[in-house]
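Secondary and tertiary structure notes
Each chain, written out:
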Amino acid sequence: MGLVAGKKLFSIMALGAMIGLLLLPIAVSLPSLAIGADAPDAVKKEGEAKVEKGRDVYYKTEGIVVGAPAPKTTDGPRDYPRYNFESRVLLWFANQQHLYYGSFVLAVPIFCMVIEFMGVVTKDKAMAKRYDQLAYDFIKISLTAYSLTAILGGILIFTFLTLYPAFFGYLSSIFRPVMHIYALMFVAESGTLYIYYYGWDKMKEGFLKWIHLSMSVILNVIGTLLMFLANSWIGFMMSPAGVDEQGRYLGNIWHVIHTALWNPLNVHRILGNMAFGGGVVAAYAAYKFLASKTDEDRAHYDWMGYIAMALGVAFLIPLPFAGYWLMREVYAYRQQMGITLMGGLLAWLFIIQATMIGILFLSTNYYLWQALGRMRGAEKYQRYIKYLVFLLVCGFLVFITPHTIVMTPAELKAMGGQQHPVLGNYGVMSAKNGGINVIITTTVLSFVWYMRGNKVSTVSWSKFGNIFMGVFFGCAYLNIIWLAIYGYYIPANVRVGLSVPQVATTLSCLFFMFALNGVMMKGAKQMGPIEWGKISARSQYALIMLATAFTWMMGLMGYIRSSVRLFWHVNEIMRDNSPWAYTHTVGFAANMISFNVLFFWVSILFVFWLGSLGIKKAPVEAKAGVPGGAPQPAGGH
Amino acid sequence: MGQTIVYVLVSLVICIAYFTAVDHFLMDSQGLDYWYLFRK
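Keep in mind the model is a prediction, meaning the values are calculated, not measured.

It is worth spelling out the overall build of chain B at this point. When its secondary structure is counted, chain B shows two helices and zero strands. Structurally, chain B occupies a C-alpha span of about 45 × 20 × 5 Å along its principal axes. Buried positions account for 20% of the 40 residues belonging to chain B.

And the structure:
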């Protein structure tokens, strides 16, 4: 009894300590923020005549200048010291690797929180243990990756300091009021993560489990805030605010953080990190599945791969919409920046991006169709898969069609212009919006089929429900295609708004049809259990493909976002005068991205291997599930 | 068979009404006219 009370006390103290750590940065920052606020007064006291005011370049408010102007750099060892190598490429590498690992370690604890919560609320004890084991497996991988993230962060800072001291000095001076908050939050994140991980075994039951779960919430709050702060730096570089036209800080740190692109970047990055994290964990599970020697292990890793893939795809589906929002805000901030991205220098990279997005959805659908094979009763859907393939391929082909093609003069003459007479029509946003929405709606449909694969609804209105669902999907497809065609006949300023009802149509399918399916399948008759582990090896390669495509696309989008600044360190404020202030060719960028992807996967394989060394120390000694006969994960899937 | 046709018709009416409402109101909320072409 005394031991239990002691444990409870310890847990509450640990939780209290973590909350304290969480609040510490804010408490510590208050005086410094106050200093920031007082600074203008200090300037005033020194001499009323010396007070200089500046106008915020974005908010257009007046503020007292408290910072130095952005340095005017020159190409030389003072501002751009270098090795015998392109500094930008070195920085690109360090940045990208840090981002990959950072995204992974921010995403995985969110998965852990969700899965651990599912384990806590599940009434089935065996199932609860399986969820708990899965969450533990996830955090174990994340912990090893966490150390690498910190190391890469250090390398990144040293790279900045060594190769871009003037720029880094300026950025640090602007963000000085919150720099220490970032550092302290990193300490809080590390502390929470280690207590969360090492406390797993001690806090696995009852009230202590809830405390443990609360820790994961705190961990994720800290992680998310950390990411928001890091996003504010790139937001500032793209769309600066809180400074005047010379780049002088005007004393309002909130303006510096809350730039025009900060919120869309935050949303886009959270979703992207989650999709990426899901992809990496799914690839890990696929690798373990393929290397498994026993049916039991295959069943476990098959299930793990499915859960990770489902979580990743859940965030992949809204990701294109968050991307649209980000682009919309880019256009609203600087139309020229949007044109550079979508219609100019970087437009071809968007064609590659569209191809990658298509591959992501094709891989997801392929995996789901393969997964139908492990369910008895799902055969009825097999003959319809070819229609889904047709829809996906049509959507994909439209989505990747370029507006114009790079051609020789002879080819140009033969085609009669820059646009192909037929295919050129598909190279516009109206058609592309239709294409991607068809792809996403088809993915939703594949998921619905998968969720009802081995079940037969027993509700009295099941016939109407099935017909309604079919008609709803049919009408959704028609509405998406209709809006895409309608866009050709109306002016651009009206057309641009059609993307909103198109997205709403897709999301309606996602939310309403998932809900309807859930209600219909409540208490449904099972044709047979899901035979975890009885899935083709091809499906696991699809998961690996999914993860690789995520990684490649992340590298690509990061490059596009960064390149759009062109020859500016900080857009329109601080010019990049290094010899590398030009945009690379598409080929060079693609090679560099591929190298980053390859390096990440080789290094994460090492992380996986390290994680596997401690596998015998898992807190749940015996795996609770057996293939096929095990209680099925929530909702049967 | 008759019941199936009724179910299909009822579903069609609901879905067409729903998606038309989605198109109309979401364009309207952006200050745009969904029926632009038909009013011309």
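Looking now at the overall build of chain A. Scanning chain A from terminus to terminus reveals 21 helices and six strands. Taking 26 Å as the expected radius of gyration for a compact globule of 637 residues, we find that chain A reaches 27 Å, a close match to that expectation. Across its three principal axes, chain A shows a C-alpha extent of roughly 85 × 85 × 45 Å. Taken across its 637 residues, chain A has 44% of its residues classed as buried. Counting contacts in chain A only where the partners sit at least 6 residues apart, residues at least 24 apart contribute 84% of the total.

This part takes up the packing of helix α5 (residues 176-198) of chain A against helix α6 (residues 206-238) of chain A. Residues and elements named next belong to chain A. For the pair α5 and α6, interaxial distance at closest approach is 9 Å and the crossing angle is 150 degrees. By the criterion of interaxial angle, the relationship of α5 to α6 is roughly antiparallel. Of the two possible hands of crossing, α5 and α6 adopt the one that is left-handed. Taking contact as the criterion, the partners of V178, Y182, M185, F186, A188, E189, T192, L193, I195 and Y196 in α5 are, on α6, M215, S216, I218, L219, I222, G223, L225, L226 and L229. Class assignment for the residues of the contact of α5 with α6 results in 15 nonpolar, three polar and one charged.

Next up on the list: helix α16 (residues 429-451) of chain A. Between its terminal C-alpha atoms α16 of chain A stretches 33 Å, which fits the 33 Å expected from 23 residues at 1.5 Å a residue. Burial within α16 of chain A is extensive, with 19 of its 23 residues counted as buried.

All names here are of chain A. Unlike most non-glycine residues, K60 shows phi in positive territory, near 65 degrees. Counting through the fold element by element, K60 comes out in the loop between β1 (53-55) and β2 (62-64). Take K60: there are 8 C-beta atoms within 10 Å of it, and that puts it in the exposed class. The residue L566 is not glycine, and still its phi comes out positive at about 55 degrees. By the element assignment, L566 lies in the loop between α20 (537-563) and β5 (568-570). Since 16 C-beta atoms lie within 10 Å of it, L566 is described here as partly exposed.

Turning to the interface of chain B and chain A, a few remarks are in order. With 17 residues of chain B in contact, the opposing surface of chain A contributes 18 residues. The leading source of residues in the side of chain B that touches chain A is helix α1 (residues 2-28) of chain B, at 12 residues. Among the residues making up the side of chain B that touches chain A, the classes are represented as 12 nonpolar, three polar and two charged.

Let us now look at the nonpolar core. All names here are of chain A. Counting 173 residues, the largest nonpolar core has V108, F138, A282 and L546 as its most contacted members. The leading source of residues in this core is helix α8 (residues 262-291), at 15 residues. Those residues in contact with F138 that lie beyond four places of it in its chain are V108, F111, C112, I115 and V281.

Turning our attention to the environment of V389 of chain A. Residues and elements named next belong to chain A. As for its position among the elements, V389 is in helix α14 (residues 385-400). What makes V389 partly exposed here is the crowd of 15 C-beta atoms within 10 Å. Taking C-alpha positions, V389 is 8.6 Å from L362, a pair spaced 27 residues apart along the chain.

All right, on to α14 of chain A then. With 16 residues, α14 of chain A should reach 22 Å at 1.5 Å per residue; the first-to-last C-alpha distance of 22 Å fits that figure. Those residues of α14 of chain A that are buried are in contact with α12 (347-371) and α16 of chain A.

Moving on, we get to the confidence of the model for chain A. Low pLDDT marks stretches whose predicted atomic positions should not be read closely. Per-residue confidence for chain A gives a mean pLDDT of 87, with 91% of residues at or over 70. A low-confidence stretch, residues 34-40 of chain A (pLDDT under 50), is modelled with nine contacts involving residues beyond four sequence positions or located in other chains.

Moving on: the packing of α8 of chain A against helix α10 (residues 319-333) of chain A. All names here are of chain A. Running from N to C, α8 and α10 point in directions that differ by 155 degrees, and their axes come no closer than 9 Å. Judged by the inter-axis angle, α8 sits roughly antiparallel to α10. α10 is crossed by α8, and the crossing has left-handed handedness. Side by side, α8 and α10 meet where P264, L265, V267, H268, L271, G272 and A275 of the first sit next to L319, A322, G323, W325, L326 and E329 of the second. Of the residues assigned to the contact of α8 with α10, the class counts are nine nonpolar, three polar and one charged.

About the cut-offs
Residues numbered from 1 in each chain as written. Chains lettered and ligands numbered in written order. Predicted model: local features only at pLDDT ≥ 70, side-chain atom pairs only at ≥ 80, totals over all residues. Helix = DSSP H or I, 4+ residues; strand = E, 2+ residues; numbered from the N terminus. Buried ≥ 20, exposed ≤ 12 C-beta atoms within 10 Å, placed from the backbone. Rg over C-alpha atoms; globule rule 2.2 N^0.38 Å. Contact = placed C-beta atoms within 7 Å. Axes fitted to C-alpha atoms, helices over the stretch in contact; angles between N-to-C directions. Parallel < 35°, antiparallel > 145°, perpendicular 65-115°, else oblique. Left-handed = near helix turned anticlockwise from the far one by under 90°. Nonpolar A, V, L, I, M, F, W, Y, C, P; charged D, E, K, R; others polar. Expected span 1.5 Å × (residues − 1). Core = buried A, V, L, I, M, F, W, Y, C linked by C-beta atoms within 7 Å. pLDDT = per-residue confidence, 0-100.

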